[in-house]
Amino acid sequence: MTSIVIPAHNEERVIGRLLDALSASPGTPGAAIAGGPKSPWSGRSSVTDGALDIIVVCNGCTDGTARAAAAHPGVRVVEIPTPSKHQALRTGDAHAAGFPRVYVDADVVIAAADVRMLADAVSGADGVLAAAPGRDLPLAGCGWPVRAYYRIWQRLPAVREGLFGRGVIALSEEGHARIAGLPPLMADDLAVSLAFAAGERRVVERARVTVLPPRTWADLIRRRIRAGTSTAQLEHHQAGSAGTDPGGAPHAQPSAAQPSARTSTADLRGVLRREPWLLPHLAVFLGVALVARRKSSRAVRQGDFGTWLRDESSRGG
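So, here is what we can say about the structure in this document.

What counts and what doesn't
- Residues numbered from 1 in each chain as written.
- Predicted model: local features only at pLDDT ≥ 70, side-chain atom pairs only at ≥ 80, totals over all residues.
- Heavy atoms only, no water.
- Salt bridge = Lys/Arg side-chain N within 4 Å of Asp/Glu carboxyl O.
- Buried < 20%, exposed > 50% of the residue type's maximum accessible area, 1.4 Å probe, protein only.
- Pairing = 2+ DSSP bridges.
- Helix = DSSP H or I, 4+ residues; strand = E, 2+ residues; numbered from the N terminus.

The subject of this paragraph is the pattern of salt bridges. By the definition in use, this model includes 11 salt bridges. Arg101 is paired through a salt bridge with Asp93; the nearest N and O atoms lie 2.7 Å apart. Neither Arg101 nor Asp93 differs from the other in exposure class; each is buried. The salt bridge partner of Asp126 is Arg202, with a shortest N-O separation of 2.9 Å.

If you want it as structure tokens, here you go:
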């Protein structure tokens, strides 16, 4: 049985649209997103065919997230007092019934049929241990600088090929065992993506997830500050673990370079070479990167890897 673990911290406004999508009949048209029309799935009876085990872990919620989730038949709701995504994921694991295991952020939208495609991808004999869906990033209603930024971001090789930034990752039992020992990291999806070689992970483009982008410049900057801080935290973790083996003993020889999803100047030149009309958009992208790096460096210097700069604009509607 495929288990879906959904960590949720104060997601009363958005948890319903995800659970509507997951419980809808196969083949039903796409769900509503923030600012869009009401979901055609809303109000339909949940389909409980026994193939999906859905657990929502409400962590440190002070709103009605648990109540909203519990209103969906077949969804199990677990509440923990600590606002921690890492603890929520571990709690979800403890309650999950089986594999494949699919981790879904509460603020994205993905349908049951797409989850099943991911489960199939990590259940075959071709060595794929981790999978994520193709990403739909609706930019209507976003400010022009936000649209310009994401037109570049979506074209970056690491963004196209990595499992991060999608809000959904499916793991086989073997894949889960590989990442089970990861420490609490803000960039948990990036850490999972980098834990697998290219042949062990797959983006299943036929499966789709809707990821709501920030609508405003201020919220875009908040997201990118968080991304910069979390990437630095991951790199600190990589540097600290590079000199020891899994049992904690020092390596006799220096380890190989750690995997990275950093954007290079070659990546940006490649985007511009293929589509020169994106030059103004690239200027915005670089401006956002500069501002976010400067502001995230303060948190990095202070070792503040616990402040979660949350984008609220994508949760409206």
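From this point, things continue past the structure.
Looking now at the sheet that holds strand E5 (residues 108–109). Backbone-to-backbone hydrogen bonds pair the strands of a sheet. The strands run either parallel or antiparallel. The strand order E3-E2-E1-E4-E7-E6-E8-E5 describes an open sheet built from 8 strands, whose pairing is mixed. Looking at strand neighbours, the two that pair on one side only are strand E3 (75–80) and E5, the edges of this open sheet. Summarising the sheet, strand E2 (residues 52–59) and E3 pair through 6 bridges and their orientation is parallel. Each residue of the ladder has a partner; that of Val57, found in E3, is Val78.

Time to look at the pairing of strand E8 (residues 201–211). Relative to E8, E5 is paired through 2 bridges, and the arrangement is antiparallel. Following the sheet pairing, Val108 is matched in E8 by Val211. Where strand E6 (residues 130–136) lies against E8, 7 bridges are found, and the strand directions are parallel. Among the inter-strand pairings, Arg135 is bridged to a residue of E8, identified as Val209.

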